[in-house]
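The residues making up each chain are set out below.
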Amino acid sequence: MFPNIRIILVETYHPGNIGSVARAMKTMGLSQLYLVNPASFPHPEATQLAAGAEDLLSQAVVCNSLEEAVKDCALVIGASARLRQLALTNFTPRQAAEALQIESQKGEVALVFGRERSGLHNDELNYCTHQVSIDGNPNYSILNIAQAVQILCYEIFNAKQLTTLTSTHLNSKPSRKKTSQLPTLEAIQDFEAHLEKALAASGFLNGASDRALKELQNFFRRTHPSQHELGILRSLISRLEKQGHFYYQHANKTNQDTH
Ligand code: SAH
């Protein structure tokens, strides 16, 4: 039912949890399971707890890093009990499910879950475009990973029913114009590298540079530019680079002429 929505588990320790996640996913019609460096997989406990969802385990994609698992995705939502990365927009489970449902009609999207003990690390949240948290008892809000997967997959399942009903009712396709499609993480990283190169060449990054660059990158990630807008930003940077190059050469030449 959801070929473009992948569930990613980062460094899951207990193989039984991987099996329970597969079961939770299958009950809600999801099938794409990605495992980043699982401690033990395949494992009999995973198979046992999958209880009829072994097909998801045998098709699971095992990756060496979160970057590898999400690089072709446009929307990457990190699930966290505590919202740690303040630069990212936070979703409720329902908002996350709606966003995944809508964006998955145009390309690959991901929902990422952290380790049982330490969750998602900050460097991993850097690969996320948004975060989601399931509200509960403020004094005890950390769920077992498979239960967190179950709740979010249930919301995805419901979001699909709603979108289908609404679109049948309105007799319209729930797709956005091509120009407003979200870029993949790879495209955003290319943009960030381009921006960094241009800022370094301009002298803007002299001195206390790292922080300013990080803040600019956070700003662009928070605004979620479309593919089209990212294209405009990149041609703008290229044009400024060319101008800068021209002035640099011109200034050098004038310097040489006067000496
Ligand atoms: N001790 C870890 C909790 C890990 S629980 C921590 O402090 O982060 C394993 C994973 O389940 C988490 O990384 C998260 O992806 C998911 N999870 C657990 N409770 C959640 C909640 N309330 N909201 C969203 N995700 C949750």
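Preceding block: the structure.
Only a predicted model underlies this, so the values are computations on that prediction, with no experimental measurement involved.

Trainee: For this particular structure, what's the right way to read the environment of G114?
Mentor: Among the secondary structure elements, G114 is positioned in the loop between β6 (109-113) and α6 (122-125). Residues G114 and I145, 31 residues apart in the sequence, show an inter-C-alpha distance of 8.0 Å. With residues up to four places along the chain from it excluded, the contact list for G114 reads V10, G119, L120 and I145.

Trainee: Just to check I follow, could you spell out the environment of Q217 for this structure?
Mentor: Tracing the backbone through its elements, the reader meets Q217 in helix α9 (residues 209-223). Residues Q217 and A193 lie 24 residues apart in sequence; the distance between their C-alpha atoms is 9.9 Å.

Trainee: Quick question: what am I supposed to make of unusual backbone geometry here?
Mentor: Most peptide bonds take the trans form, and the phi angle of most residues other than glycine is negative. In this structure, the amide linkage connecting F41 to the following residue, P42, adopts the cis form with an omega of -5 degrees. The phi angle at N37 is positive, at roughly 40 degrees, despite the residue not being glycine. For N37, a relative accessible area of 32% translates into the label partly exposed. With a phi close to 40 degrees, A51 is a non-glycine residue in the positive phi region. The topology assignment puts A51 in the loop between α2 (44-50) and α3 (54-59).

Trainee: Is there a simple way to explain the pattern of salt bridges in this structure?
Mentor: Pairing between side chains of opposite charge can happen when their charged atoms approach one another. Tallied over the full model, the rule gives 8 salt bridges. Here D55 ties to K26 by a salt bridge, and the two come within 3.1 Å at their closest N and O atoms. Taken together, the positions of D55 in helix α3 and K26 in helix α1 (residues 15-27) put the pair 29 residues apart, joining distant regions of the chain. Looking at D55, the relative accessible area reads 31%, which means it is partly exposed. When its relative accessible area of 36% is taken as the criterion, K26 is described as partly exposed. Residue K197 is joined to E241 by a salt bridge in which the shortest nitrogen-to-oxygen separation is 3.6 Å. Taken as a pair, K197 in helix α8 (residues 185-202) and E241 in helix α10 (residues 227-258) lie far apart in primary sequence, 44 residues in all. Judged by relative accessible area, E241 falls into the partly exposed class, the value being 26%. Each of R6, D72 and E108 takes part in one network of salt bridges that share partners.

Trainee: Can you walk me through the sheet that holds strand β5 (residues 89-91) in this structure?
Mentor: The pairing of strands in a sheet comes from backbone hydrogen bonds and takes either a parallel or an antiparallel form. An order of β3-β2-β1-β6-β4-β7-β5 is seen for the 7 strands of this open sheet, with the pairing classed as parallel. The sheet terminates laterally at β3 (61-63) and β5, the two strands that pair on one side only. Between one strand axis and the next, the sheet turns by 25 degrees as a mean value, whatever way the strands run. Those strands touched by α1 are β1 (5-10) and β2 (32-36), and its axis lies near 160 degrees from that of β2.

Trainee: Hey, could you run me through the environment of A198 in this one?
Mentor: Relative to the helices and strands, A198 is located in helix α8. Each C-alpha atom, one on A198 and one on I237, is 7.0 Å from the other, the two residues being 39 residues apart in sequence. Not counting the four nearest positions on each side in its chain, A198 is found in contact with I237 and E241.

Reading the values: rules and limits
Residues numbered from 1 in each chain as written. Predicted model: local features only at pLDDT ≥ 70, side-chain atom pairs only at ≥ 80, totals over all residues. Heavy atoms only, no water. Helix = DSSP H or I, 4+ residues; strand = E, 2+ residues; numbered from the N terminus. Contact = heavy atoms within 4.5 Å. Buried < 20%, exposed > 50% of the residue type's maximum accessible area, 1.4 Å probe, protein only. Salt bridge = Lys/Arg side-chain N within 4 Å of Asp/Glu carboxyl O. Pairing = 2+ DSSP bridges. Axes fitted to C-alpha atoms, helices over the stretch in contact; angles between N-to-C directions.

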